[in-house]
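Chains, contacts and geometry: an overview
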Amino acid sequence: TLSDRLSATFKNLRGKGRLSEADIDATAREIRIALLEADVALPVVKDFVAAVKERARGEEVSQALNPAQQVVKIVNEELIEILGGETRRLRYAKTGPTVIMLAGLQGAGKTTLAAKLALWLKDQGKAPLLVACDLQRPNAVQQLQVNGEKVGVPVFAPEPGNGTGDPVSVAKASIEEAKRKLHDVVIVDTAGRLGVDAEMMAQAAGIRDAVQPDEVLFVVDAMIGQDALTTAQAFLDGVGYDGVVLTKLDGDARGGAALSIRQVTGRPVMFASTGEKLTDFDVFHPDRMASRILDMGDVLTLIEQAEKAFDQEEALRAAEKLTGGDFTLDDFLAQMQQLKKLGSMTSILKMLPGMGQIRDQIENFDEREIDRVEAIIRSMTPAERANPKIIDGSRRSRIAKGSGRTVSDVNGLVDRFFEARKMMMQMARGGGMPGMPGMPG
Ligand code: GDP
Ligand code: MG
């Protein structure tokens, strides 16, 4: 597997500066093979790898990852970006029923998908109408009717008066039917051939012109591998489409077609079909597809864990530094002043993982509180600040008078200080980061 091959190129360096050209090349070679094995078309692989190498050259060496891992991470991010950069939802018509037309080769999964899509829309409160425009294959109409019944969506099919035998008339009549029966989405299933042919394209184009679809979806079987790109291009030229549906992703195809089609046609993959059951259907998830194409979920998991572990190490180191000396009220004050200076600390904290609780505290805290704390600590003697244990009752009332606060304010502060110190000790022992010392909970 790719993971095995990559581990050979994994050198456990935590380098400095930029990724080395050798590291990038070695990893890029493996990525190239992985993409080809996933049936990504060669020209697409070439462009993609070139783009990744370009980006890798500019990248700082991560402290958390070895160079090979880092290149893999870049590849994964770029894949997700390309697969999902422009993922969009279905476009609904502003007036009248929304018309969705399906096109694709025979066996691609159109008829199955029509029913899946109908069910999905129905679950969202839509009232779809299925339209049988495949009048070529024996039983095609019946297949749609059976599926329609399963999902509880009516099927408009040719019968005397509906334009028997002519898919364009059936399609046209279905729009009138949808308006009469108040359907808000019309899903038009069409015929396909085993290979691309002119007559089929002409028929699909005729249906398209008759119903003026809001969306034409190109349905393609992920199992057909490299051929997917040729077919996708032929349908783009012959009928045109707005989005792509990838079917049979429950099989063992790695789905490189998704990347090829997206890159070459510029049309986004919108839905994924993942089985013969009518509920085996979902909107397309670029991240899942990316890790499927790369086929190294384990490497990606490793990378995630390495980064997480590194963050924990960092947090621990920071905590040790804080608790290295005796934590005094002077340190406590210095920390608060730092917080005040940092002002927009939230934006920094947002970038750190596992800081949710602290972020909330900061978002909710009152800056004047820091001023009050500062006034109290400034009214203490250096000895009191260095060794807060000596602050007894009479010292507390002196400090309160000096700072213009009440004795209970002083008590509150001293309590909070001891609380913070306890917390830092826990942190240093590896208990994580429960909160920021000195912050009012
Ligand atoms: P059409 O010719 O494009 O209308 O394709 P069909 O909807 O008739 O599907 C062809 C075959 O593929 C049928 O046997 C379907 O049950 C099967 N099929 C469709 N979608 C999927 C899928 O996502 N996964 C699997 N395993 N089979 C599928
Ligand atoms: Mg069909």
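Quick caveat: nothing in here was measured; it's all calculated off a predicted structure. (Residues numbered from 1 in each chain as written. Chains lettered and ligands numbered in written order. Predicted model: local features only at pLDDT ≥ 70, side-chain atom pairs only at ≥ 80, totals over all residues.)

1. Focus on the overall build of the chain
Threshold: Here a strand is any run of E in DSSP of at least two residues, a helix any run of H or I of at least four, and the numbering for each starts at the N terminus. Neighbour density around each residue's C-beta defines its exposure: 20 or more other C-beta atoms within 10 Å make it buried, 12 or fewer make it exposed, and counts between make it partly exposed, where C-beta atoms are placed from the backbone. This entry defines residue contacts through backbone-placed C-beta atoms, with two residues in contact when those atoms are within 7 Å.
Along its length, the chain carries 19 helices and eight strands. In the chain, which comprises 441 residues, the share counted as buried stands at 38%. Considering only residue pairs separated by 6 or more positions, the chain has 75% of its internal contacts joining residues 24 or more positions apart.

2. A closer look at the nonpolar core
Counted only if it meets this: Put simply, a nonpolar core is a cluster of buried Ala, Val, Leu, Ile, Met, Phe, Trp, Tyr and Cys residues tied together by C-beta atoms within 7 Å.
Membership of the largest hydrophobic core comes to 95 residues, with the highest contact counts inside it found for L130, V131 and V188. Tallying contributions element by element places helix α5 (residues 110-123) first for this core, with eight residues. Residues within four places of V188 in sequence aside, it is in contact with V99, I100, M101, L102, V131, C133, A171, S174, I207 and V211. Listed in part, the 14 residues of the second largest apolar core include M380, V410, L413 and F417.

3. Remarks on the packing of helix α9 (residues 227-238) against helix α10 (residues 256-265)
What counts is decided by this rule: Comment: axis = line fitted to C-alpha atoms, over the contacting stretch for helices; angle = value between 0 and 180 degrees taken between N-to-C directions. With the far helix as reference, a near helix turned anticlockwise by less than a right angle produces a left-handed crossing, and one turned clockwise produces a right-handed crossing. Gly is placed with the polar residues, together with every amino acid not listed as nonpolar (Ala, Val, Leu, Ile, Met, Phe, Trp, Tyr, Cys and Pro) or charged (Asp, Glu, Lys and Arg).
Viewed as axis vectors pointing N to C, α9 and α10 meet at an angle of 35 degrees, and their least axial separation amounts to 9 Å. Crossing of α9 over α10 shows right-handed handedness. Facing A228, L229, A232, Q233 and L236 of α9, the residues of α10 in contact are A257, S260, I261, V264 and T265. A class-by-class count of the residues in the contact of α9 with α10 yields seven nonpolar, three polar and no charged.

4. Re helix α6 (residues 140-151)
We apply this condition: Multiplying 1.5 Å by the helix residue count minus one yields the expected span of that helix. By definition, the arc is the one covered by directions from the helix axis to the C-beta atoms.
With 12 residues, α6 should cover 16 Å at 1.5 Å per step; its first-to-last C-alpha distance of 17 Å lies within 8% of that length. All buried positions along α6 are accounted for by A140, V141, L144, N147, G148 and V151. On an axial view of α6, the arc spanned by its buried residues comes to 130 degrees, and they lie on one face. Opposite its buried face, α6 presents the exposed residues Q142 and E149, each directed more than 90 degrees away. Tucked into the core, α6 has its buried residues touching α5, β2 (128-133), β3 (155-156) and β4 (185-190).

5. Quick notes on the site of ligand 1
Heads up, the rule is: Using the backbone to place each C-beta atom, any residue with that atom within 6 Å of a molecule or strand is considered near it.
Around ligand 1, the surrounding shell holds 17 residues, and the nearest of these are G109, K110, T111, T112 and S273. For the shell around ligand 1, the leading source of residues is α5, giving three residues. By residue class, the composition of the shell around ligand 1 is one nonpolar, 11 polar and five charged.

6. Looking at helix α7 (residues 167-180)
Here α7 spans 20 Å end to end across 14 residues, near enough to the 20 Å set by a 1.5 Å rise per residue. Residues of α7 that are buried include every one of P167, V170, A171, S174, I175 and A178, and no others. Around the axis of α7, the buried residues are gathered within 145 degrees of arc, so they sit on the same side. Residues of α7 that are exposed and point over 90 degrees away from its buried face: E176 and R180. Turning to α7, the residues buried within the fold contact β1 (98-103), β2, β3, β4 and α8 (198-211). Looking one or two residues past α7, L182 carries a phi angle of roughly 60 degrees, positive in sign.

7. Regarding the packing of helix α3 (residues 42-58) against helix α4 (residues 67-84)
As a reminder of what qualifies: In these notes the angle categories are as follows: under 35 degrees is roughly parallel, over 145 is roughly antiparallel, 65 to 115 is roughly perpendicular, and the rest is oblique.
Where α3 meets α4, the axes come as close as 10 Å, and the angle between the chain directions of the two elements is 125 degrees. As judged from the angle between their axes, α3 and α4 are oblique. In the crossing of α3 with α4, the sense of the turn from one axis to the other is right-handed. Residue-level inspection shows A51, V52, R55 and A56 of α3 in contact with α4, the latter providing V71, I74, V75 and E78. Residues belonging to the contact of α3 with α4 are distributed by class as follows: six nonpolar, no polar and two charged.

8. Concerning the pairing of β1
Note the cut-off: Strands pair, by our definition, only if DSSP identifies at least two bridges between them.
Along β1, six of the six residues are buried, which leaves the element largely enclosed by surrounding structure. Here β1 shows no split at all, with T98, I100 and L102 on one side and V99, M101 and A103 on the other all buried. Where β1 and strand β5 (residues 215-221) come together, four bridges link them in parallel fashion. Paired with A103 across the two strands is F218, which belongs to β5.

9. Concerning the sheet that holds strand β7 (residues 269-273)
Strand order in this open sheet of eight strands is β3-β2-β4-β1-β5-β6-β7-β8, and the pairing throughout is mixed. With one partner strand each, in any of the chains shown, β3 and β8 (281-283) form the two edges of the open sheet. In the packing of α8 onto the sheet, contacts are made with β1, β2, β4 and β5, and the angle to β1 comes to roughly 180 degrees.

10. Digging into the environment of A118
Among the structural elements, A118 can be located in helix α5. The buried category is assigned to A118, around which 29 C-beta atoms lie within 10 Å. Along the sequence, A118 and A258 sit 140 residues apart, while their C-alpha atoms lie 23 Å from each other. In this structure A118 touches P128, L130, V151, V153 and I187, once residues within four positions along its chain are discounted.

11. Digging into the UniProt feature "domain: SRP54-type proteins GTP-binding" (unreviewed entry) in the chain
To be explicit about the condition: UniProt positions are given in the numbering used here, feature names are shortened, and annotations may be inferred rather than shown by experiment.
The residues that UniProt annotates with the feature "domain: SRP54-type proteins GTP-binding" (unreviewed entry) are residues 268-281. Segment residues 268-281 splits into 0% helix and 43% strand. End C-alpha atoms: 17 Å apart.

12. What to know about the pairing of strand β6 (residues 243-247)
Which entries qualify depends on this criterion: Think of it like this: strands point away, you trace from the first strand over the helix to the second, and a clockwise trace means the crossover is right-handed.
Most of β6 sits out of view: five of its five residues are buried. Strand direction decides the pairing type here: β5 and β6, joined by five bridges, are parallel. If you follow V220 over to β6, its bridge partner there is L246. With respect to chirality, the unit in which β5 leads through α9 into the neighbouring parallel β6 is right-handed.

13. With respect to unusual backbone geometry
A positive phi angle, near 70 degrees, is found at D39, a position not held by glycine. Along the polypeptide, D39 turns up in the loop between α2 (21-37) and α3. D39 sits in the buried class, given 23 other C-beta atoms within 10 Å. Phi at L182 is positive, roughly 60 degrees, even though this residue is not glycine. Under the C-beta neighbour-count criterion, L182 is labelled exposed, with 9 such atoms within 10 Å.

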